[in-house]
Amino acid sequence: MTDNGNNGATRSLVIGASGGIGAAFADALAERGPVDRLSRRDDGLDLKDEASLARNAAALAQAGRAYRLMIDATGVLEAAGRRPEKAFAEVAPDALADAFAVNATGPALLVKHFSPLLAPKGRSVFATLSARVGSIGDNRLGGWIGYRASKAALNQIVRCAALEIKRKRPESVVVALHPGTIETPLTRAYARGRYTASPEQAARQMLDVLDRLTPDETGGFYDYAGEAIVW
């Protein structure tokens, strides 16, 4: 676990902080106040290993951490090393299992182990990165079956988490965010001329959205401009 500064009322946590967007979130938040960074590379945090999640959460609890903002910046596009499917003929059980393990089960376990570290009083935020292609209502092209389905599952997990967390933390905001297409070596193959933002731009856009959301909007699914996305 790496951090910037000491305990404080505005402390943030970024999970997946060694990736491009995760690092950008952490760097932007470090300008606001203390931030803790967790990653598989630096802390052995593995979404497919619940014991590693419990261990890292316990260490933060032991350190007396209480967070106003948690961001889950994890996720996988090419599950099991395979490109997203163009048709059902390309569906592979190992790729589907890997997509759900990282994009849905992993975030659910993060909620289980880390949401108790949200500040018990006042506004607190838990945000996870979903994707517009996880919207069932917005799906007009098909394809990308494992990625779409795992992100749709994540959206339902976020909704359930928002309702449960709100019972003990009435001012909490729990949301799924669509970051847009972020400029990385991986996404260049899939951008197809669409607008892409740098990790730094995307992180700041999404932090602006989180700053504006209210507890009445908890359980929602929003894009990088703050617009609600249909489920």
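This report concerns the structure included in the present document.

A word on the overall build of the protein
- Tallying secondary structure elements over the protein gives six helices and nine strands in all.
- When the backbone C-alpha atoms are referred to their principal axes, the protein occupies close to 50 × 35 × 30 Å.
- Split into buried and exposed, the 231 residues of the protein put 50% on the buried side.
- Across the protein, contacts joining residues at least 24 apart in sequence account for 69% of those joining residues at least 6 apart.
- As presented, the protein carries roughly 10,900 Å² of accessible surface, and 53% of it is formed by carbon and sulfur atoms.
- Between the averaged position of the 29 positive side-chain charges in the protein and that of its 26 negative side-chain charges there is a distance of 2 Å.

Describing the environment of R132
- Looking at the secondary structure, you find R132 in the loop between β5 (124–129) and α5 (145–168).
- When near neighbours in sequence (up to four residues on either side) are disregarded, R132 contacts D138, H178, F221, D223 and I229.

Describing the packing of helix α3 (residues 50–62) against helix α4 (residues 93–114)
- Interhelical geometry of α3 versus α4 gives an angle of 30° and a closest axis separation of 9 Å. What the angle tells us is that α3 and α4 run roughly parallel. In this structure, α3 meets α4 at a crossing whose hand is right-handed. Residue-level inspection shows E50, L53, A54, N56, A57 and L60 of α3 in contact with α4, the latter providing G106, L109, L110, K112, H113 and F114.

Some thoughts on the nonpolar core
- By size, the foremost hydrophobic cluster in this structure holds 30 residues, and its most contacted members are L13, L45, L53, L60, M70, F114 and V174.
- Here this core gets six residues from one element, more than from any other, and that element is α4.
- Listed in part, the 28 residues of the second largest apolar core include V14, A17, V35 and I182.

Considerations on the pairing of strand β4 (residues 69–72)
- Side chains of β4 alternate between two faces, with L69 and I71 and M70 and D72 buried alike.
- In this structure, strand β2 (residues 12–15) lies alongside β4, joined through four bridges in parallel fashion. Paired with V14 across the strands is I71, a residue of β4.
- Bridging between β4 and β5 involves four bridges; their strand directions are parallel. Its bridge partner lying in β5, M70 is registered against F126.

Conventions adopted
- Residues numbered from 1 in each chain as written.
- Predicted model: local features only at pLDDT ≥ 70, side-chain atom pairs only at ≥ 80, totals over all residues.
- Heavy atoms only, no water.
- Helix = DSSP H or I, 4+ residues; strand = E, 2+ residues; numbered from the N terminus.
- Buried < 20%, exposed > 50% of the residue type's maximum accessible area, 1.4 Å probe, protein only.
- Contact = heavy atoms within 4.5 Å.
- Areas by Shrake-Rupley, 256 points an atom, 1.4 Å probe, with all protein chains shown as cover.
- Lys, Arg positive; Asp, Glu negative; His and termini not counted.
- Charge placed at Lys NZ, Arg CZ, Asp CG, Glu CD.
- Axes fitted to C-alpha atoms, helices over the stretch in contact; angles between N-to-C directions.
- Parallel < 35°, antiparallel > 145°, perpendicular 65-115°, else oblique.
- Left-handed = near helix turned anticlockwise from the far one by under 90°.
- Core = buried A, V, L, I, M, F, W, Y, C linked by side-chain atoms within 4.5 Å.
- Pairing = 2+ DSSP bridges.

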